[in-house]
Amino acid sequence: MNTNFDLVIFGGTGDLAMRKLFPALFLADTDARLHQGGRIIAAARQALTDEEFRAKVSDALNRFLPKPPSAANLEKFLARLSYFALDVNNPVQYAEMKKSLDARDSQTVFYLSVGPTLFPPIINGLRSAGLNTPDTRIVLEKPLGRDLQSSRDINQLVLSAFAESQVYRIDHYLGKETVQNLLALRFGNTLLEPLWNRTWVRDVQITIAETVGVETRGEFYDSTGAMRDMVQNHLLNLLCMTAMEPPSSLDPDAVRDEKLQVLRSLKPWTQQTLHDDIVRGQYRGGTLKGEAVPAYAAEPGVSPQTETETFLALRTEIANWRWGGVPFFLRTGKRMAERRAEIVISFKSPPHSIFESPLAPNRLVITLQPEENVRLYTMAKAPGDGMRLREVHLDLDFKDFFHERRQDAYERLLLDVLRGNPTLFMRNDEADAAWRWVQPMLDHWTTSNLSPAAYGAGSWGPPAASRLTARDGTAWHEELGG
Ligand code: BG6
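Residues numbered from 1 in each chain as written. Predicted model: local features only at pLDDT ≥ 70, side-chain atom pairs only at ≥ 80, totals over all residues. Heavy atoms only, no water.

A.B. asks: With reference to specific residues and values, describe the overall build of the protein chain.
C.D. replies: The secondary structure content of the protein chain amounts to 14 helices and 17 strands. Principal-axis analysis of the C-alpha atoms gives the protein chain an extent of 80 × 50 × 45 Å. Taken across its 482 residues, the protein chain has 55% of its residues classed as buried. Across the protein chain, every contact between residues at least 6 apart in sequence was considered, and the portion connecting residues at least 24 apart equals 77%. (Helix = DSSP H or I, 4+ residues; strand = E, 2+ residues; numbered from the N terminus. Buried < 20%, exposed > 50% of the residue type's maximum accessible area, 1.4 Å probe, protein only. Contact = heavy atoms within 4.5 Å.)

Shown next as structure tokens:
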């Protein structure tokens with residue numbers, strides 16, 4: 001990294017900063033990818049000295065890095081850090097911050113790793129101190145609002161102080177290696193493209209299943225739910241990367257224009273589809289990996305009468321020539337049977353079979369986590385007499401080919417911000433289009449008063465989720481033996 005920088009992290013003592021941001025920055029530093037003079041300044045409410053703050057970060061690095069840091073690397077990294085005790089409503093303090101930033105010739109980045117209620121005072125504070133100069137950048141962490149209107153309010157506020165080109169709306173799923181590999185797979189090969197459309201694809205499933213519950217975030221999650229936490233952002237981004245047209249280049253706007261087209265082509269909701277095509281669930285107590293786990297309603301910080309969904313499955317379509325009529329199933333949930341994020345493309349069955357054995361449709365499974373691989377299910381002849389066909393799979397495991405360290409998603413995205421590359425960040429119009437599609441679902445739940453269906457922790461969600469795919473004559477990947 002050749003640019004010197006000052007990275008100011010608001011919410012610098014928070015959970016995200018400690019679990020993700022500092023470990024990611026540490027890894028980038030250890031790989032010599034941060035400018036030697038780069039500074040990282042954490043701004044938060046607590047009164048802490050630099051030394052106390054560094055001790056907290058050191059503790060977090062020991063807990064959250066894949067392996068403990070070496071003493072030399074740790075010392076080098078901690079030396080970059082300083083702490084700024086901030087009352088977000090106090091303009092004098094932003095002026096002090098400005099003095100320290102002005103004294104240096106470096107790229108300034110403000111990272112708002114705080115809840116959206118703190119966006120207005122921080123943005124106003126930065127503006128009143130004249131810290132929003134045209135060469136600064138601002139990173140906004142999700143959730144960017146809780147509905148269409150509040151997300152528009154946030155955008156209006158941020159765009160009153162910064163130009164769109166200065167704003168980086170982060171979605172860490174876009175920073176995952178395998179998500180970018182989707183671009184390589186689709187547009188670096190000719191093999192798949194002719195099949196990647198309604199003529200050959202029967203259905204597409206995108207799942208992000210987690211085994212964790214809400215951990216220490218019960219209060220936040222209870223006012224958020226799976227739709228706002230995962231679908232509006234991560235799942236829709238995966239859908240865009242899967243379904244978009246080939247961009248003309250990797251230019252940030254060329255990629256984002258194509259993603260936007262997908263969001264704009266999502267089939268509008270009707271009363272019928274709102275009713276039939278969405279399954280909300282909430283986990284009850286159960287057993288996960290042999291351990292008893294509590295119901296969502298009994299988690300700390302969650303209201304015992306909670307109606308928040310911890311699972312969501314939905315069916316939609318993309319109304320354009322490539323995809324018209326192909327069902328796209330999106331699914332996410334907490335406390336599910338396995339941690340797995342995957343995109344499953346099921347192809348149509350052969351139009352005529354000459355075999356007695358039933359033919360399972362070919363499936364291309366792109367697994368994003370826990371492992372990163374691509375698997376193609378095909379039919380093959382089983383050895384022996386007669387023509388008995390059985391499903392087999394071809395596996396492409398990236399770790400067999402690439403031995404380099406995989407960059408963490410936040411690491412890549414933070415480096416992209418420092419470099420000024422917004423390709424993997426959401427543009428204002430993308431975020432708006434995503435919310436516009438999500439809003440009718442939120443409205444429907446408010447007016448219909450429907451409670452989420454129960455599912456046992458450690459399962460694949462409520463039975464209604466299986467009925468959703470069955471209606472289209474298909475089944476979830478794991479039900480097909482994936
Ligand atoms: C976050 C959500 O954005 O993504 C969390 O707020 C979720 O609820 C997390 O657990 C999942 O990310 P990953 O990278 O662990 O799949």
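A.B. asks: Could you give an account of the side chain of Asn 373, with specific residues and numbers?
C.D. replies: By the secondary structure assignment, Asn 373 is in strand S15 (residues 373-381). When residues no more than four places from it in sequence are discounted, the contact partners of Asn 373 are Val 365, Ile 366, Thr 367, Leu 396, Asp 397 and Phe 398.

A.B. asks: Lay out the site of the ligand with the relevant residues and their values.
C.D. replies: Within the structure, the ligand sits among Lys 142, His 172, Tyr 173, Lys 176, Glu 210, Arg 217, Asp 229, Met 230, His 234, Lys 334, Arg 339 and Gln 369. The side chain of Lys 176 places a nitrogen or oxygen atom 2.6 Å from an oxygen atom of the ligand. Between an oxygen atom of the ligand and a side-chain N or O atom of Arg 217, the distance comes to 2.8 Å. In isolation the ligand has 390 Å² of accessible area, and contact with the protein removes 82% of it. The element best represented in the shell around the ligand is helix H9 (residues 225-243), accounting for 3 residues. Partitioned by chemical class, the residues of the shell around the ligand number 2 nonpolar, 3 polar and 7 charged. (Near = heavy atom within 4 Å. Polar contact = N/O pair within 3.5 Å; in protein donor to acceptor, adjacent residues only side chain to side chain. Areas by Shrake-Rupley, 256 points an atom, 1.4 Å probe, with all protein chains shown as cover. Nonpolar A, V, L, I, M, F, W, Y, C, P; charged D, E, K, R; others polar.)

A.B. asks: With reference to specific residues and values, describe helix H4 (residues 91-102).
C.D. replies: Helix length check: H4, at 12 residues, gives a terminal C-alpha distance of 16 Å against a target of 16 Å (1.5 Å per residue), a fit within 8%. Burial in H4 covers these residues: Gln 93, Tyr 94, Met 97 and Leu 101. Seen end-on, H4 carries its buried residues on one side only, within an arc spanning 100 degrees. Relative to its buried face, H4 has exposed residues pointing more than 90 degrees away, namely Val 92 and Lys 99. Buried residues belonging to H4 abut strand S1 (5-10), strand S2 (39-44), strand S3 (81-85), strand S4 (107-112) and helix H5 (119-128). The N-capping residue of H4, defined by a side-chain oxygen 3.0 Å from the backbone nitrogen of Val 92, is Asn 90. (Expected span 1.5 Å × (residues − 1). Arc of directions from axis to C-beta.)

A.B. asks: So what's going on with empty space enclosed by the protein? Residues and values would help.
C.D. replies: Evaluated as defined, the whole model comprises 1 cavity of 30 Å³ or more. Of the pockets and cavities examined, the largest cavity occupies roughly 140 Å³. Taken together, 13 residues form the lining of the largest cavity, with Lys 142, Leu 144, Gln 232, Asn 233 and Met 426 sitting closest to its centre. No other element matches H9, which puts 4 residues into the lining of the largest cavity. Residue classes in the lining of the largest cavity are distributed as 6 nonpolar, 3 polar and 4 charged. (1 Å grid on protein atoms, 1.4 Å probe; cavity = no way out; pocket = protein on both sides within 12 Å on 5 of 7 lines; lining within 4 Å. Points joined across faces, edges and corners; volume = space filled by probe spheres on them.)

A.B. asks: Can you tell me about the packing of aromatic side chains, naming the residues and giving the values?
C.D. replies: For any pair of aromatic rings, the description rests on two quantities: the centre-to-centre distance and the angle between the ring planes. Summed over the entire model, instances satisfying the criterion amount to 13 aromatic pairs. On the numbers, 6.3 Å between centres and 70 degrees between planes, the contact of Tyr 283 with Tyr 455 is edge-to-face. Residue Tyr 283 is found in strand S8 (residues 278-284), and its partner Tyr 455 is found in strand S17 (residues 453-456); the two are separated by 172 residues along the sequence. Pair check on accessibility: Tyr 283 and Tyr 455 agree, each one buried. Relative to Trp 476, the ring of Phe 329 lies with its centre 5.7 Å away and its plane at 65 degrees, an arrangement referred to as edge-to-face. (Phe/Tyr/Trp six-rings, centres within 6.5 Å; stacked < 30°, edge-to-face > 60°.)

A.B. asks: Would you mind going over the sheet that holds strand S11 (residues 311-316) in detail, with residue names and values included?
C.D. replies: Judged by pairing direction, the sheet is mixed, and its 9 strands sit side by side in the order S16-S15-S14-S13-S7-S12-S11-S8-S17 without closing on themselves. Every other strand in the sheet has two partners, leaving strand S16 (389-397) and S17 as the edge strands with one partner each. Going across the sheet, the axis of each strand differs from the next one's by a mean of 20 degrees, ignoring polarity. When S15 meets S16, the two strands line up antiparallel, connected through 9 bridges. Paired with Asn 373 across the two strands is Asp 397, which belongs to S16. Of the strands in this sheet, strand S13 (340-347), strand S14 (363-369) and S15 are in contact with helix H7 (residues 177-187), which crosses S14 at around 145 degrees. Seen against the sheet, helix H13 (residues 428-448) touches S8 and S11 and runs at an angle of roughly 125 degrees to S11. (Pairing = 2+ DSSP bridges. Axes fitted to C-alpha atoms, helices over the stretch in contact; angles between N-to-C directions.)

A.B. asks: Explain the layout of surface pockets to me, using residue names and the numbers behind them.
C.D. replies: A volume near 470 Å³ is recorded for the second largest pocket. Together, 20 residues line the second largest pocket, and Leu 191, Leu 192, Leu 195, Leu 364 and Leu 376 are the ones closest to its centre. Mapped onto the lining of the second largest pocket, the elements with two or more residues apiece are S15 and S16. In terms of residue count, the dominant contributor to the lining of the second largest pocket is S15 (4 residues). Among the residues making up the lining of the second largest pocket, the classes are represented as 13 nonpolar, 4 polar and 3 charged.

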